[in-house]
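# Report on the structure
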Amino acid sequence: MTKAIRYDKTGGPEVMKWVDVDVGEPGEGEVRLRQSACGLNYIDVYFRTGLYPQPLPAGLGMEAAGEVTAVGSGVSALKVGDRVAYVARPPGAYAQERVLRADLVIKLPDAISDEAAASIMLQGLTAQYLLRRTYRVKAGDTILIQAAAGGVGLLVCQWAKALGATVIGTVGSDEKAAIAKAHGCDHPIVYTREDFTARVREITNGAGVPVVYDSIGKDTYAKSLDCLAPLGMFVSFGNASGPLPPIDSSEFAGRGSLFFTRPTLFTYMGKRADYEAMAAELFDVVSSGKVKTSINQRYALKDVGQAHADLEARKTTGSTVLIP
Ligand SMILES: NC(=O)c1ccc[n+]([C@@H]2O[C@H](COP(=O)([O-])OP(=O)(O)OC[C@H]3O[C@@H](n4cnc5c(N)ncnc54)[C@H](OP(=O)(O)O)[C@@H]3O)[C@@H](O)[C@H]2O)c1
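What this report covers is the structure whose coordinates are included nearby. Quick caveat: nothing in here was measured; it's all calculated off a predicted structure.

Our next topic: helix H1 (residues 42–49). Where burial is concerned, most of H1 is hidden: six out of the eight residues are buried. Ile43, Asp44, Val45, Tyr46, Phe47 and Arg48 are the residues of H1 that are buried. Buried positions along H1 lie against strand E1 (2–7), strand E3 (30–39), helix H2 (114–134) and helix H10 (304–312). One or two positions beyond H1, positive phi appears at glycine 50, with a value near 95°.

Structure below.
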């Protein structure tokens, strides 16, 4: 027997229970992992609250790192003892051990520790596709990232800066502004106090930005659109404050032929070759020091309720790992 988090009804952090589970042996094409660190992500909150439904009872958590402890038939790319990490559906990463498909797992280079991997697989692969594929940031661009001091936010700030962009980022407090600034955000804006649209117009001499990466959703949607230059791209990649209102296409015409996209990591990493290439690029920018991991909170996995409460209360910065 081993332990994992399960929930059988949606609700507050208290619905998550630390229970005994039997993971069994890996079948054909599968591996069993002993996990040493799990990542905490906002999507875990969406599943727990029911914003993203799934059949219950179910597990939670999308990413973890650890060691291969058993290999099923037909698996040649991995062996017992390999250090690996993954981002995978369905949720279930909040666990001491796990059996999953071998093609969902990526081998870790020596330079990336298990904890570092658990802190960047989901958020770092997201930063990769947002900056390199959804809107390809180039030197000289000025970009806006919402929640710049968060998990995805700090990675995006550093990576965009390394690409030669000027980074404008919104944050909920002065402490978070200082953290964002120390991670490459040239212009942190405390949006709980300042009008971020007016500040973006001021910083860009009225021009607006070519891309807004918005993970806040309901509370920032309309004002984010007002930050865009004509032909700019609104990238709606999350809904920490709640889902967007129904989209009115005239809003996009009236502001100058804007583009709208609602990307998901699982689309971008859907092909194994893309998943591997994205992970390789992520490990490379982290190993080179251009992008640093920020594990600013650690909790025992059995205390994940507190971790969710802190994430939802906007008390966390950077990334959080859960130790099983
Ligand atoms: N589409 C994708 O592929 C994808 C992948 C990964 C993550 N995401 C999304 O990216 C966002 C960031 O994820 P993360 O795990 O790195 O979380 P995070 O940014 O570390 O935490 C969320 C942050 O959102 C801000 N926020 C603003 N209004 C909020 C509200 N009403 N309630 C709670 N937080 C609020 C808070 O920062 P301030 O206090 O500074 O406002 C908070 O710290 C999430 O929306 C997530 O769903 C999407």
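Now, onward.
This part is about the pattern of salt bridges. Evaluation of the coordinates by the stated rule reveals 23 salt bridges. Here lysine 223 ties to aspartate 195 by a salt bridge, and the two come within 2.9 Å at their closest N and O atoms. Linking lysine 223 in helix H6 (residues 221–225) with aspartate 195 in the loop between strand E11 (187–190) and helix H5 (196–203), this pair joins segments that are 28 residues apart in sequence. You can call lysine 223 partly exposed: its relative accessible area is 33%. Here the salt bridges do not stand alone but share partners, grouping Glu25, Arg32 and Glu97 into one network.

Moving on: the sheet that holds strand E10 (residues 166–171). Ordered by their spatial adjacency, six strands build an open sheet running E11-E10-E9-E12-E13-E14, and the pairing between neighbours is parallel. The open sheet has two edge strands, E11 and strand E14 (259–261), and neither has a second partner. Sheet twist, expressed as the average angle between the axes of neighbouring strands with direction ignored, equals 15°. As paired elements, E10 and E11 share four bridges and run parallel to each other.

Of all five residues that make up strand E16 (residues 319–323), four are buried, and the element is covered over most of its length. Pairing of E3 with E16, which is carried by two bridges, proceeds in the antiparallel orientation. For glycine 39, the partnering residue across the bridge sits in E16 and is valine 321. Pairing of strand E15 (residues 295–300) with E16 involves five bridges; the strand directions are parallel. For arginine 298, the partnering residue across the bridge sits in E16 and is valine 321.

A few words now on the packing of aromatic side chains. For the structure on display, the rule yields eight aromatic pairs. Measuring from centroid to centroid gives 5.5 Å for tyrosine 221 and phenylalanine 234, while their planes differ by 70°, and the two rings are edge-to-face. Residue tyrosine 221 is located in helix H6, and its partner phenylalanine 234 is located in strand E13 (residues 228–236); the two are separated by 13 residues in the primary sequence. Accessibility classification places tyrosine 221 together with phenylalanine 234 in one group, the buried group. Three or more aromatic residues joined by ring pairs form one cluster here, namely Tyr42, Tyr46, Phe47 and Tyr52. The positively charged end of lysine 223 is found above the aromatic ring belonging to phenylalanine 196, 5.3 Å away from the centroid.

How each quantity is defined
- Residues numbered from 1 in each chain as written.
- Predicted model: local features only at pLDDT ≥ 70, side-chain atom pairs only at ≥ 80, totals over all residues.
- Heavy atoms only, no water.
- Buried < 20%, exposed > 50% of the residue type's maximum accessible area, 1.4 Å probe, protein only.
- Helix = DSSP H or I, 4+ residues; strand = E, 2+ residues; numbered from the N terminus.
- Contact = heavy atoms within 4.5 Å.
- Salt bridge = Lys/Arg side-chain N within 4 Å of Asp/Glu carboxyl O.
- Pairing = 2+ DSSP bridges.
- Axes fitted to C-alpha atoms, helices over the stretch in contact; angles between N-to-C directions.
- Phe/Tyr/Trp six-rings, centres within 6.5 Å; stacked < 30°, edge-to-face > 60°.
- Lys NZ or Arg CZ within 6 Å of the ring centre and 35° of its normal.

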